[in-house]
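What follows is each chain in one-letter form.
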Amino acid sequence: MTAPTAPARPGPAVRRGPAGLSLAVLVCLALLALALFASVMSGSKQTPAADIWRVITGGGDAYLRTVVESRYPRTVLGVLTGVCLAVAGTLMQGVTRNPLAEPGILGINAGASASVVAATAFLGVSGQRDTVWWALAGALVAGVAVYAIGTAGGGSSPVRLVLAGAVLSAVLAAFIQAVALSRPRVFDTYRYWVVGALGGRGFDAVWSVLPFAVVGLLLALVLAPGLNALAMGDDKAASLGVSPLRIKGAGLLAATLLSAAATAAVGPIAFVGLAVPHLVRTLVGADFRLQIVFSVLVGPSLLLFADVVGRVLLRPEELMVGVVTAFVGAPALLLAVRRMRGAA
Amino acid sequence: MNTAPPAGPAEMARSRPPVPRRSMVRIGRWVAVPVRRSSLFAAAVVLVLLGCAAVATLTLGRLGIGLGDLPSALMGEATGKNAFVLNRLRGPRLVVAIATGAAFGLSGALFQSVTRNPLGSPDVIGLSAGAGAGAAAVALFLPGTLPVSVGALLGAVTAMGVVYVSTGTGFRSPGRLVVAGIGVSAMATALTQYVVYAVERDKASALTAYINGSLAARSWDDAATIWTVLLLCVPLAALLARPLGIREMGDDLSTGLGSRPARITTGAVLLSIVLSAGAVSVAGPIAFVSLTAPQIAKRVTRGGGPQLMMSTLLGALLLVVADLAAQQLPLFDNLPVGLYTMAVGGVYLGYLLVREWRRPVV
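### Regarding the overall build of chain A
Check the secondary structure of chain A and you find 14 helices and 0 strands. Along the chain direction, N to C, the helices and strands of chain A fall in the order α-α-α-α-α-α-α-α-α-α-α-α-α-α. The burial tally for chain A puts 54% of its 344 residues in the buried class. For chain A, contacts bridging at least 24 residues in sequence account for 77% of all contacts bridging at least 6.

### So, the packing of helix α4 (residues 72-96) of chain A against helix α9 (residues 203-230) of chain A
All names here are of chain A. Between α4 and α9, the least distance of the axes is 9 Å, while the angle of their chain directions is 25°. In this view, α4 runs roughly parallel relative to α9, as classed from their interaxial angle. Here α4 runs over α9; the crossing is left-handed. Judged by residue contacts, Pro73, Val76, Leu77, Leu80, Val83, Cys84, Val87, Leu91 and Gly94 of α4 engage Phe203, Ala205, Val206, Leu210, Ala213, Gly216, Leu217, Ala220, Leu227 and Leu230 from α9.

### Concerning the interface of chain A and chain B
Tallying the contact residues gives 44 residues for chain A and 43 residues for chain B. Elements that contribute at least two residues to the side of chain A that touches chain B include exactly α7 (158-182), α8 (184-194) and α14 (321-339) of chain A. Among the elements that line the side of chain A that touches chain B, the one with the most residues is α7 of chain A, at 16 residues. Of the residues assigned to the side of chain A that touches chain B, the class counts are 35 nonpolar, 5 polar and 4 charged.

### As for the packing of α4 of chain A against helix α12 (residues 272-284) of chain A
Residues and elements named next belong to chain A. Two elements in contact, α4 and α12, have axes separated by 7 Å at closest approach and are oriented at 70°. Here α4 is positioned roughly perpendicular relative to α12, judged by the angle of their axes. α12 is crossed by α4, and the crossing has right-handed handedness. Across the interface between the two elements, Gly82, Leu85, Ala86, Ala88, Gly89, Thr90 and Gln93 of α4 pack against Val272, Gly273, Leu274, Val276 and Pro277 of α12. For the contact of α4 with α12, the class distribution of residues is 7 nonpolar, 5 polar and no charged.

### Remarks on helix α11 (residues 244-266) of chain A
Since there are 3.6 residues in each turn of an α-helix, residues three or four apart along the chain are aligned in direction. Residues and elements named next belong to chain A. With 23 residues, α11 extends 33 Å from end C-alpha to end C-alpha; this agrees with the ideal 33 Å at 1.5 Å per step. Taken across its 23 residues, α11 has 17 buried, putting it largely inside the fold. Once α11 finishes, Gly267 follows within two positions and takes phi at roughly 90°, a positive value.

### A word on the environment of Ile246 of chain B
Residue and element names in this part refer to chain B. Considering the arrangement of structural elements, one finds Ile246 in helix α9 (residues 220-247). Between the C-alpha atoms of Ile246 and Pro306, which are 60 residues apart in sequence, the distance is 9.6 Å. Excluding residues that lie within four positions of it along the chain, Ile246 makes contacts with Ser254, Leu257 and Ser259.

### Focus: the nonpolar core
Grouped together as the largest cluster of nonpolar side chains are 229 residues, with contacts concentrated most on Val87 and Ala261 of chain A together with Val320 of chain B. At 18 residues, α7 of chain A tops the list of elements feeding residues into this core. Every residue in contact with Ala261 of chain A, bar those within four places of it in the chain, is listed here: Cys84, Val132, Val209, Phe212, Ala213 and Gly216 of chain A.

### Here we look at α12 of chain A
Residue and element names in this part refer to chain A. The terminal C-alpha atoms of α12, which comprises 13 residues, lie 18 Å apart, in line with the 18 Å expected from a rise of 1.5 Å per residue. With 11 of its 13 residues buried, α12 lies for the most part within the structure. Taken as a whole, α12 has its buried residues at Val272, Gly273, Leu274, Ala275, Val276, Pro277, His278, Val280, Arg281, Leu283 and Val284. Its buried side turned inward, α12 meets α1 (18-41), α4, α13 (288-313) and α14. Downstream of α12 by a residue or two, Gly285 has a phi angle that is positive, lying close to 90°.

### Focus: the environment of Ser219 of chain B
Residues and elements named next belong to chain B. Mapped onto the secondary structure, Ser219 falls in the loop between α8 (201-212) and α9. Looking at Ser219, the number of C-beta atoms within 10 Å reads 13, which means it is partly exposed. Along the chain, Ser219 and Leu275 lie 56 residues apart, while their C-alpha atoms are 19 Å from each other.

What counts as what
Residues numbered from 1 in each chain as written. Chains lettered and ligands numbered in written order. Predicted model: local features only at pLDDT ≥ 70, side-chain atom pairs only at ≥ 80, totals over all residues. Helix = DSSP H or I, 4+ residues; strand = E, 2+ residues; numbered from the N terminus. Buried ≥ 20, exposed ≤ 12 C-beta atoms within 10 Å, placed from the backbone. Contact = placed C-beta atoms within 7 Å. Axes fitted to C-alpha atoms, helices over the stretch in contact; angles between N-to-C directions. Parallel < 35°, antiparallel > 145°, perpendicular 65-115°, else oblique. Left-handed = near helix turned anticlockwise from the far one by under 90°. Nonpolar A, V, L, I, M, F, W, Y, C, P; charged D, E, K, R; others polar. Expected span 1.5 Å × (residues − 1). Core = buried A, V, L, I, M, F, W, Y, C linked by C-beta atoms within 7 Å.

The structure is reproduced here in structure tokens:
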């Protein structure tokens, strides 16, 4: 259990030249465009691709326009959440130097959920605009608690933080369930929210969390060089003129902002934040500036494709995106376990 | 529990460290079980506490049977309200709670002995979540064709299979086991959440109670199921107790002493799965009983080895007390007992972890 501090596995030594990088960007952009198109195309009414194209370019009849445009909020929400979760995961893995760090696994999402449920049940808070603040507070408290438990007694191994997150999630889950089960009205809203679904929400969900997402994202971009220094160890970073404590604090704050925004918008979604950074590292290597930019490109694609799969599998019913990401992302976790080295 | 006469300091230093006194309990010519007196004493204390909790379960509250009426009621002379409470409401619930807790405790002790780690317990590594998902899936997709308990067993076996394969080292490395367990639990939980979402609200409420682990409204059929599982498994576990204790000292030593560690391990894991799945099928995946019972047992008896008997008794005690709290605490109305064990057990697990980590690097 008490393995020495394991540095995050440095990504494979990928260093791409400008040509390679532009190619990677192009591929990611193409995938994202495809994901956007697929997300607008799929739904309970089947719409041929040609019709979608006609609507997007400004044609098509009124009926078709209404159908297709009703799918826009969902797609935009997917992009926003995908960006938030992916960048949050990248930040957390960088700050904790832990390849298993992720808002879902480390209990940040659980903290946000518990806070939102409590506010809804006891204080009568409702509406996106207010819930997002509660989500933020809960996420912050949970993040600090997990970090404190996981690093108690000095040193932290990947498994420690994960365990601390699991413990906190379990206790919070008990609390959430207790509140939800004793109040049927809360329970009814809760069970739709907790699976993590993109559908059935409008643009106001986007607007209310957008500021938080933007602030978090900007902070992440500013922090990227500092994270690069931090990856070499606290001492090296300090000798390079970077304060490790400040970078870590700001990084966790940004990660919390982003995951709280995502959770408030669509409910807790796990594993996107885990899978995307691993994918990105194999693509562009360990440089955090590139990692964050590519997380922004890859995160939405993954989330949107998961959502599309959920909609296509059980048409006309649908599988919520949170369920799909669990089944896509948990195997990624299992693979990461197989590759874990040492006695941890 | 050294009963030798007190010795002077110099003599103490020379004499061997106190060896726990063992006496043999013999049954016929062939069976002789070594028993430590301190363990027997601790077991007796736990049994008395269990008795008190059981009496409290039957007598407390608005519907409780008066303390004076209890003996005659138990002798089968209950009438009216008392008969209803004893035979329909609390009697079966109590009997199920005892056996379920015992099954979880024993299951946890077996698994923790195999993994040599408190975290390698069935509820931490996804066995319970898998069983819950299996039960929920059967309830949704194949209603009426398969009993829910079979679904629980299938789910538990599947979850353990996936965990075993995905660690790459079997059940040997606790860290990997835990992380793989979290992944498997996540998939299982996602499946159950989908089922809860997909069914209508009344059913969803019942299903959620079941998924968290509930003892409300159990029947004598449930009691028969879990007691059968328990009574079948306890003798087998007793057979495994000694070889498991030896195995905890290392596979090589164990082989040298003439037992077969691989077989012992397989047997213990299978037994643990059957016990947990049985318990889950009647009461849902009640969290953290199988984690905490063996840990407390180790601390109470201060003994090495798997402490199977003590864990079994403590599991029963923990669950009966938790269910008492679930029935009588006015905080929330009739919550599933699993929420209480999850909250309390989670805090206890956090405490265990922090304590272990505060120690100098092992």
